Amino acid sequence: MSIFEPNLLIHEKSPYLLQHAHNPVRWYPWGSEAFEKARAEDKPVFLSIGYASCHWCHVMEEESFEDHEVAELLNNHFISIKVDREERPDIDSVYMSVCQAMTGSGGWPMSVFMTPDQKPFFAATYLPKTSRYHLTGLMDLLPRISLLWKQDRERLLKIGNEITDHLNTDQRPSETVSLSEDVPAQALADLNASFDNVNGGFGTAPKFPTPAVLLFLIQQYKLCGNKDSLAMAEHTLLRMYRGGIFDHIGGGFSRYSTDDRWLVPHFEKMLYDNALLLEAYAEAYACCENPLFPEIADAVVSCVLNELSHPDGGFYCSQDADSEGEEGKYYTFTRDEVLHVLGEENGSLFCSLYDITDRGNFEGKSIPNLLKQSPFPNDPEGLKRMKRTLYLYRKKRTSLSTDKKILTSWNCLMISALTKASRIFGRDKFLAAAQKAESFLDKHLRKDDGRLFLRWCDGEAAYDGQLEDYAFYSLSMLSLYRSTFLEEYLEKAVQAADLMISLFFDREHGGFFLYSSESEALILKPKELYDGAMPSGNSAALHVLFILSEITGKSIYRDCMDQTFSYFSPELSVHPSAYCYALSVLSSQFHPSRQLVITTKKESLPKKFMELLSKPQMNDFTVLVKTEQNKDTLAAIAPFTKEYPVLADKTSCYLCRGGACQAPVFDAESLETLLQAAD
């Protein structure tokens with residue numbers, strides 16, 4: 001930490017903002033104080049956006065924001081604002097659109113210069129202190145912008161107005177396009193064309209896991225029997241596991257691979273990546289039963305529970321890529337180091353298995369990987385002990401910084417994944433972890449009226465929940481209901497979905513805005529469908545609406561879903577593979593739905609029925625359980641269930657497929673036969 005007096009970020013909770021609290025730059029958090037100061041002093045605003053585990057954010061801080069010369073220029077001529085993109089995804093989204101429109105690309109750290117009215121006139125990503133090669137340095141850029149602000153301000157204001165008008169024009173609805181089965185088919189063809197048959201994944205380096213794509217491919221196998229799509233997903237999942245993007249010592253996946261073989265990762269671990277990949281491995285296992293996948297799932301969950309868990313149940317954001325200022329230092333080993341820790345015999349065996357050599361594969365050291373080995377279906381006990389020894393050694397050798405913010409949306413992704421994985425892999429501890437996390441959210445991030453906060457950190461909940469918070473929260477409650485059939489989860493899912501519609505839905509044109517009608521207004525109010533590292537809020541909302549239309553029979557969910565598809569239809573039809581999470585819902589529209597209602601006099605579903613409904617092949621059925629105790633609650637949520645009788649002497653099962661209902665059956669064996677026939 002530097003010796004400078006703290007700036008205004010010292011009062012924040014975000015670890016990322018606190019990392020900059022002792023910079024000589026006089027940082028402000030985003031808020032009215034900063035913009036009023038800019039207007040009063042007649043200065044432009046410098047906005048810097050990043051996040052705690054971002055390697056290049058650390059580089060820019062050390063190189064520039066801790067530098068006296070850069071700080072003097074910023075402090076004298078600008079009002080500087082620092083934003084944690086994970087705390088304010090709305091601000092990040094708006095100015096990422098600006099950066100992409102002005103430069104053709106985006107990323108973090110993001111650097112934006114704008115007027116006190118928040119209108120941007122220059123945008124970039126990483127900027128060095130001094131100019132080099134194609135990068136303009138801050139020491140050259142800052143004086144130029146300051147001079148333009150004083151001598152040619154009209155030019156800057158014109159740029160700000162033009163880019164703001166351009167982005168808002170892009171938000172206007174286009175003429176709708178009819179969406180047919182050809183759209184998912186085209187996405188599948190595009191993915192097949194870009195598939196790397198050798199290494200798995202799509203395109204070339206850098207390679208991202210893209211779980212939304214993998215889940216879409218798995219779904220295409222389940223819906224259409226497309227073996228090629230399952231093969232692409234399975235091959236990618238196997239190659240990622242064998243590469244260095246997977247932490248073979250401590251479990252869990254890094255954010256992405258810098259090469260096309262999945263060997264050298266960008267080392268930070270993000271909660272959302274591991275949640276979505278856990279779900280992908282579970283869904284794939286339900287189809288192909290690859291014996292490695294339960295082991296991989298166990299390792300992912302072990303990493304999350306050991307490294308990213310609050311004692312009371314919530315999940316932290318991420319772990320840093322850097323240790324002691326060096327990227328990847330925590331994760332890499334030398335051969336001599338491994339021999340010293342494990343001994344000559346065990347160390348030599350481990351190094352031969354995990355490609356740890358004298359030469360190394362990353363800056364003179366080695367990233368453990370299995371790219372040259374066939375992985376074991378189950379690690380032998382001796383190998384597990386070696387990994388454990390190395391895990392404990394590296395924790396003592398150096399440490400990783402953990403961003404201990406607890407984000408509603410990311411936590412909900414992990415809750416959903418844990419719950420689904422608990423059913424498919426038969427892991428009770430996964431469900432227990434999911435329920436504990438849900439209790440944390442309920443206590444700290446959910447208000448009495450069901451409204452959500454965006455983040456909790458160091459005892460403080462803050463910021464209004466945004467679209468992805470409500471959408472992923474509802475999905476997580478639906479997933480918990482599917483595993484437990486406790487109506488409290490179903491009630492929470494419906495309440496969150498109804499608030500999502502009330503606060504975010506565009507009733508005039510369709511689609512959901514990123515931030516709510518009650519939130520701070522920015523220069524742009526985006527609607528996003530593109531699925532990046534995480535599914536978009538609109539894609540997740542489509543899943544919520546589809547499931548609840550099936551569960552409740554209420555037309556509002558179907559109507560909102562149809563209007564959302566209509567609004568985004570031009571985008572979906574032009575480049576469908578960019579919207580795979582939304583396409584999963586669209587694909588479902590062209591196949592028969594499957595709903596199951598079970599009634600029982602008992603307080604909960606009998607064990608034989610629970611065991612049956614937990615089988616992987618039963619994962620995609622919509623299920624409601626009506627008991628004598630919950631019948632009124634269930635009738636309010638799903639009015640059609642009023643007509644299903646609760647019999648005193650038997651459990652009754654009613655299956656409907658594609659709008660056609662079967663005669664009821666009354667035992668688990670008959671239900672299994674009926675379900676298999678409908679599969």
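Just above, that's the structure.
Residues numbered from 1 in each chain as written. Predicted model: local features only at pLDDT ≥ 70, side-chain atom pairs only at ≥ 80, totals over all residues. Heavy atoms only, no water.

Draft legend 1. The overall build of the protein, seen in detail. Secondary structure summary: the protein contains 25 helices and 19 strands in total. The C-alpha atoms of the protein give a radius of gyration of 26 Å, which matches the 26 Å a tight globule of 679 residues would have. Seen through its C-alpha atoms, the protein measures out along the principal axes to roughly 85 × 70 × 50 Å. Looking at the protein as a whole, 60% of its 679 residues qualify as buried. Relative to all contacts within the protein whose residues are 6 or more apart in sequence, the contacts with residues 24 or more apart total 69%. On the protein, roughly 26,900 Å² of surface is accessible, and the fraction owed to carbon and sulfur atoms is 48%. Of the side-chain charges in the protein, 68 are positive and 94 negative, and the distance between the mean point of each set is 3 Å. (Helix = DSSP H or I, 4+ residues; strand = E, 2+ residues; numbered from the N terminus. Rg over C-alpha atoms; globule rule 2.2 N^0.38 Å. Buried < 20%, exposed > 50% of the residue type's maximum accessible area, 1.4 Å probe, protein only. Contact = heavy atoms within 4.5 Å. Areas by Shrake-Rupley, 256 points an atom, 1.4 Å probe, with all protein chains shown as cover. Lys, Arg positive; Asp, Glu negative; His and termini not counted. Charge placed at Lys NZ, Arg CZ, Asp CG, Glu CD.)

Draft legend 2. Representation of unusual backbone geometry. Of the consecutive residues tryptophan 108 and proline 109, the connecting peptide bond is found in the cis state with omega at 5 degrees. Its location among the elements puts proline 109 in the loop between α5 (89-103) and β4 (110-114). The backbone of tryptophan 262 sits at a positive phi, close to 70 degrees, despite the residue not being glycine. The topology assignment puts tryptophan 262 in the loop between β6 (256-257) and β7 (265-266).

Draft legend 3. Expanded view of the side chain of serine 366. Following the sequence through the fold, serine 366 ends up in the loop between α14 (344-353) and α15 (381-397). Ignoring any residue separated from it by four or fewer positions in sequence, one finds serine 366 in contact with Tyr331, Thr332, Phe333, Asp355, Ile356, Thr357, Gly360 and Asn361.

Draft legend 4. Representation of the pattern of salt bridges. Tallying each qualifying case throughout the model produces 41 salt bridges. A salt bridge links aspartate 247 to arginine 394, with the shortest nitrogen-to-oxygen separation between them at 2.5 Å. Pair noted here: aspartate 247 is in the loop between α10 (227-242) and β6 and arginine 394 is in helix α15, with a separation of 147 residues, a long-range link. Judged on exposure class, the residue aspartate 247 and its partner arginine 394 are both buried. Ionic pairing is found between glutamate 628 and lysine 601, a salt bridge with its closest N-O pair at 3.3 Å. Remark: lysine 601 occurs in the loop between β16 (594-600) and α23 (607-613) and glutamate 628 occurs in the loop between β17 (622-627) and α24 (631-637); sequence separation between them is 27 residues. The class of glutamate 628 is partly exposed, set by a relative accessible area of 27%. (Salt bridge = Lys/Arg side-chain N within 4 Å of Asp/Glu carboxyl O.)

Draft legend 5. Molecular detail of the sheet that holds β16. Here four strands make up an open sheet; going across it, the order is β17-β16-β18-β19 and the pairing mixed. One side of each edge strand has no neighbouring strand; the edge strands of this open sheet are β17 and β19 (660-661). Bridging between strand β18 (residues 652-657) and β19 involves two bridges; their strand directions are antiparallel. Bridging across to β19, cysteine 656 finds its partner in cysteine 661. (Pairing = 2+ DSSP bridges.)

Draft legend 6. Structural context of helix α20 (residues 537-552). In this model, α20 (16 residues) spans 22 Å end to end at C-alpha, consistent with the 22 Å of a helix rising 1.5 Å per residue. Burial within α20 is extensive, with 15 of its 16 residues counted as buried. (Expected span 1.5 Å × (residues − 1).)

Draft legend 7. Expanded view of the state of the cysteines. Taken as a whole and judged by the stated rule, the model has one disulfide. In this model cysteine 656 forms its disulfide with cysteine 661; the gap between the sulfur atoms is 2.1 Å. Given an S-S torsion of about 100 degrees, the disulfide between cysteine 656 and cysteine 661 has right-handed geometry. Under the relative-accessibility criterion, cysteine 656 is labelled buried at 9%. A residue is classified by how much of its surface remains accessible, and cysteine 661, at 54% relative accessible area, is exposed. Of all cysteine sulfurs, the one in cysteine 224 lies closest to cysteine 580, which takes part in no disulfide; the gap is 13 Å. Take cysteine 580: its relative accessible area is 2%, and that puts it in the buried class. (Disulfide = S-S within 2.5 Å.)

Draft legend 8. Just the packing of helix α8 (residues 182-194) against helix α9 (residues 211-224), in detail. Axis separation between α8 and α9 bottoms out at 11 Å; the angle between their running directions is 115 degrees. Note that α8 runs across α9; the crossing there is left-handed. On the side of α8, the interface is formed by Pro184, Ala187, Leu188 and Leu191, while α9 contributes Val213, Phe216, Leu217 and Gln220. Its residues assigned to classes, the contact of α8 with α9 shows seven nonpolar, one polar and no charged. (Axes fitted to C-alpha atoms, helices over the stretch in contact; angles between N-to-C directions. Left-handed = near helix turned anticlockwise from the far one by under 90°. Nonpolar A, V, L, I, M, F, W, Y, C, P; charged D, E, K, R; others polar.)

Draft legend 9. Molecular detail of the side chain of serine 14. Tracing the chain through its elements places serine 14 in the segment before α1 (15-19). For serine 14, a relative accessible area of 0% translates into the label buried. A distance of 3.2 Å separates the side chain of serine 14 from the backbone nitrogen of tyrosine 16, its partner in a polar contact. Separated by 2.7 Å, the side chains of serine 14 and aspartate 84 make a polar contact. (Polar contact = N/O pair within 3.5 Å; in protein donor to acceptor, adjacent residues only side chain to side chain.)

Draft legend 10. Molecular detail of the packing of aromatic side chains. Here the structure, examined in full by the defined rule, presents 30 aromatic pairs. Judged by centre distance (5.4 Å) and plane angle (55 degrees), the rings of tyrosine 470 and phenylalanine 504 are tilted. On the criterion of sequence distance, the pair formed by tyrosine 470 in helix α18 (residues 467-484) and phenylalanine 504 in helix α19 (residues 487-504) is long-range, its members being 34 residues apart. The exposure class assigned to tyrosine 470 is buried, which follows from its relative accessible area of 2%. What makes phenylalanine 504 buried here is its relative accessible area of 1%. Ring plane angle 90 degrees and centroid distance 5.5 Å describe the contact between tyrosine 481 and phenylalanine 485, whose orientation is recorded as edge-to-face. Considered together, tyrosine 481 and phenylalanine 485 belong to a single accessibility category, that of buried residues. Among the aromatic residues, those joined into a cluster by ring pairs are Trp27, Phe46, Phe65, Phe78, Phe113 and Phe122. Against the face of tyrosine 51 rests arginine 85, its NZ or CZ located 4.4 Å from the ring centre. (Phe/Tyr/Trp six-rings, centres within 6.5 Å; stacked < 30°, edge-to-face > 60°. Lys NZ or Arg CZ within 6 Å of the ring centre and 35° of its normal.)

Draft legend 11. Inspection of the pairing of strand β3 (residues 79-84) at higher detail. Buried residues dominate β3, accounting for six of its six residues. With burial as the criterion, each face of β3 is covered, one bearing Ile79, Ile81 and Val83 and the other bearing Ser80, Lys82 and Asp84. Bridge count between strand β2 (residues 45-50) and β3: six bridges; the pairing is parallel. Residue pairing across strands places serine 48 opposite lysine 82, the latter belonging to β3.

Draft legend 12. Spotlight on the sheet that holds strand β12 (residues 402-403). Taking strand neighbours across the sheet as the criterion, the three strands line up as β8-β9-β12 in an open arrangement whose pairing is antiparallel. On the outer flanks of this sheet lie β8 (269-270) and β12, each paired with one strand and no other.

Draft legend 13. Layout of the nonpolar core. Ranked by internal contacts, the top residues of the largest apolar core, which has 186 residues, are Phe350 and Met500. With residues near it in sequence (within four places) discarded, methionine 500 still touches Leu467, Tyr470, Ala471, Phe505, Phe512, Ala541, Val544 and Leu545. One finds Ala38, Val45, Ile163 and Leu167 within the second-largest nonpolar core, a separate group that totals 27 residues. (Core = buried A, V, L, I, M, F, W, Y, C linked by side-chain atoms within 4.5 Å.)

Draft legend 14. Quick look at the packing of α5 against helix α7 (residues 153-170). Here α5 crosses α7 at 110 degrees, and the two axes come no closer than 11 Å. It follows from the interaxial angle that α5 and α7 lie roughly perpendicular. Note on element contacts: α7 touches α5 through Ile159, Ile163 and Leu167, opposite Ser97, Val98, Ala101 and Met102. Of the residues assigned to the contact of α5 with α7, the class counts are six nonpolar, one polar and no charged. (Parallel < 35°, antiparallel > 145°, perpendicular 65-115°, else oblique.)

Don't take any of this as a statement about function, it's just geometry.
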